[in-house]
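# A closer look at the structure
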Amino acid sequence: MAEVIWGLATSHVPSIGAAMDRGKTQEPYWKPLFDGYRPAREWLARHTPDVAIVIYNDHANGVDLDIVPTFGIGTADRYQVADEGFGRRPVPEVVGCPELSLHLLDRLMDEGFDLTVFQELDVDHGLTVPLSIWTPQPGESWPCPVVPLLVNVVMYPQPTAARCFALGQAIGRAIAGYDGVRTVGILGTGGMSHQLAGARAGFINPQFDRMFLDAIEDEPEKLAALTREDYIRGAGSEGIELIMWLVMRGAMRERVRRVHSTYHVPASNTAAALALYDNRPVAA
Ligand code: DHB
Ligand code: FE
């Protein structure tokens, strides 16, 4: 029986990855953001899981916009890093865990979540930047195999927050019924408030973000009850990425222990946050 040992929520701003790839993390603009990551990175380095599930969205890099599945799962042995127009990031390819992917696919289908299957997939900043935030110096390979789970947050109508939370709960049950590994880390990615285009381009809303950061810990149901319009109004048209944090949260226990959280404005156009939760029972 496998167990989710931690959940990591983090923004996926592409220029965070670029700052790391280009050695700029100690520059005045970036240093406060990266300093904020340090306690989480130290804890994570001591708690490497057997496998990680990354809840993320593609940004029309690995998947064309003419077909946008609401929910999808990668089932490949390995995933190439996408070329987003500047060449591939100089980070390792992502090793998959097809056996866990297929187990999740079976169980989630049985629970009514009809996932689209990606037998091949290039992974963009939505997945690789969170991996870099977790593991700044991966060397030849990331710390463990990864299952990519995709959520549409780029095309209307995005799935509801309630549906995302329910998906996470079903993932939690599926993991509890899996014998192939012992420990699982789950990442919820994207957010916090930001809007990249349109009349409100540059929109950031610390008040909404603070409310969300508080509630994701102890009152996720409150966040699951918000409509997609609530997310877009409160967090911006790209801030709706936050619904992916609810998938992560749904896969965890009712009570979790916050290891670390940090909030920094701005990283590029985004209010960037990281929140790390220990999901093991208190006695562990
Ligand atoms: C930015 C944020 C995103 O979530 C994204 O996908 C692309 C860019 C930004 O703030 O620049
Ligand atoms: Fe994004």
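Preceding this paragraph is the structure being described.
Computed from a predicted structure; not experimentally measured. (Residues numbered from 1 in each chain as written. Chains lettered and ligands numbered in written order. Predicted model: local features only at pLDDT ≥ 70, side-chain atom pairs only at ≥ 80, totals over all residues. Heavy atoms only, no water.)

### Quick notes on the site of ligand 1
Around ligand 1 sit His12, Val13, Pro14, His59, His125, His194, Leu196, Glu241, Ala267, Ser268, Asn269 and Thr270, and that is every residue in its neighbourhood. Glu241 places a side-chain nitrogen or oxygen 3.3 Å from an oxygen atom of ligand 1. Within the contact set of ligand 1, an oxygen atom lies 3.0 Å away from a backbone nitrogen or oxygen of Asn269. Protein contacts shield 89% of the accessible area of ligand 1, which totals 290 Å² for the unbound molecule. Residues that form the shell around ligand 1 fall into these classes: four nonpolar, seven polar and one charged. (Near = heavy atom within 4 Å. Polar contact = N/O pair within 3.5 Å; in protein donor to acceptor, adjacent residues only side chain to side chain. Areas by Shrake-Rupley, 256 points an atom, 1.4 Å probe, with all protein chains shown as cover. Nonpolar A, V, L, I, M, F, W, Y, C, P; charged D, E, K, R; others polar.)

### Brief notes about the coordination of the iron ion (ligand 2)
Protein ligation of the iron ion (ligand 2) involves His12 (NE2), His59 (NE2) and Glu241 (OE), the donor distances falling in the range 2.0 to 2.2 Å. Mapping the donors of the iron ion (ligand 2) onto the primary sequence gives the spacing H-x46-H-x181-E. Here His59 lies in the loop between strand S2 (51-56) and strand S3 (71-74) and His12 lies in the loop between strand S1 (3-10) and helix H1 (14-21), a separation of 47 residues in the sequence. The class for His12 is buried, based on a relative accessible area of 3%. (Donors = N, O, S within 2.8 Å, 3.2 Å for Na, K, Ca; no water. Helix = DSSP H or I, 4+ residues; strand = E, 2+ residues; numbered from the N terminus. Buried < 20%, exposed > 50% of the residue type's maximum accessible area, 1.4 Å probe, protein only.)

### Examining helix H2 (residues 31-45)
If you check H2, its first and last C-alpha atoms are 20 Å apart, about what 15 residues at 1.5 Å a residue would give, namely 21 Å. Along its length, H2 shows its largest kink, about 35 degrees, at Arg38, and proline Pro39 lies within four residues downstream of that point. Against the buried residues of H2 lie S1, H1, helix H4 (125-134), strand S10 (257-267) and strand S11 (270-278). (Expected span 1.5 Å × (residues − 1). Bend = angle between axes of the 7 residues up to and from the residue. Contact = heavy atoms within 4.5 Å.)

### Points about the environment of Gly72
With respect to the helices and strands, Gly72 occurs in strand S3. Spatially, the C-alpha atom of Gly72 lies 9.7 Å from that of Phe113, the residues being 41 residues apart in sequence.

### Notes on the nonpolar core
One finds Ile53, Leu104, Ile171 and Tyr231 to be the most contacted residues of the largest nonpolar core, which totals 57 residues. Element by element, the count of residues in this core is highest for helix H5 (residues 161-176), at eight residues. For Ile53, the contacting residues outside a window of four places in its chain are Leu100, Leu104, Val147, Leu149, Ile171, Ile175, Val184, Gly185, Ile186 and Leu187. Judged by nonpolar contacts, the second largest core, of 40 residues, contains Ile5, Val13, Phe34 and Ala267. (Core = buried A, V, L, I, M, F, W, Y, C linked by side-chain atoms within 4.5 Å.)

### Some words on unusual backbone geometry
Cis peptide bonds are those with omega within 30 degrees of zero, and the linkage from Tyr156 to Pro157 qualifies with -5 degrees. Note on placement: Pro157 falls in the loop between strand S8 (146-151) and H5. Here Gly191 and Met192 are connected by a cis peptide whose omega angle stands at -10 degrees. Within the secondary structure, Met192 is located in the loop between strand S9 (183-189) and helix H6 (206-218). The phi dihedral of Ala60 falls on the positive side, at around 60 degrees, and the residue is not glycine. Its location among the elements puts Ala60 in the loop between S2 and S3. Ala60 sits in the partly exposed class, given a relative accessible area of 37%.

### Brief notes about the side chain of Arg249
For Arg249, the location among the structural elements is in helix H9 (residues 243-250). A polar atom in the side chain of Arg249 sits 2.7 Å from the backbone oxygen of Arg253. Sequence-distant contacts of Arg249, that is, excluding residues within four places in its chain, are made with Phe165, Ile216, Glu217, Pro220, Glu254, Arg255 and Val256.

### Let's talk about the pairing of S8
In terms of burial, S8 is a largely internal element, six of the six residues being buried. Of the two faces of S8, the one holding Val146, Pro148 and Leu150 and the one holding Val147, Leu149 and Val151 are both buried throughout. As defined by bridge partners, S2 adjoins S8 across five bridges and the pair is classed as parallel. Among the inter-strand pairings, Val54 is bridged to a residue of S8, identified as Pro148. (Pairing = 2+ DSSP bridges.)

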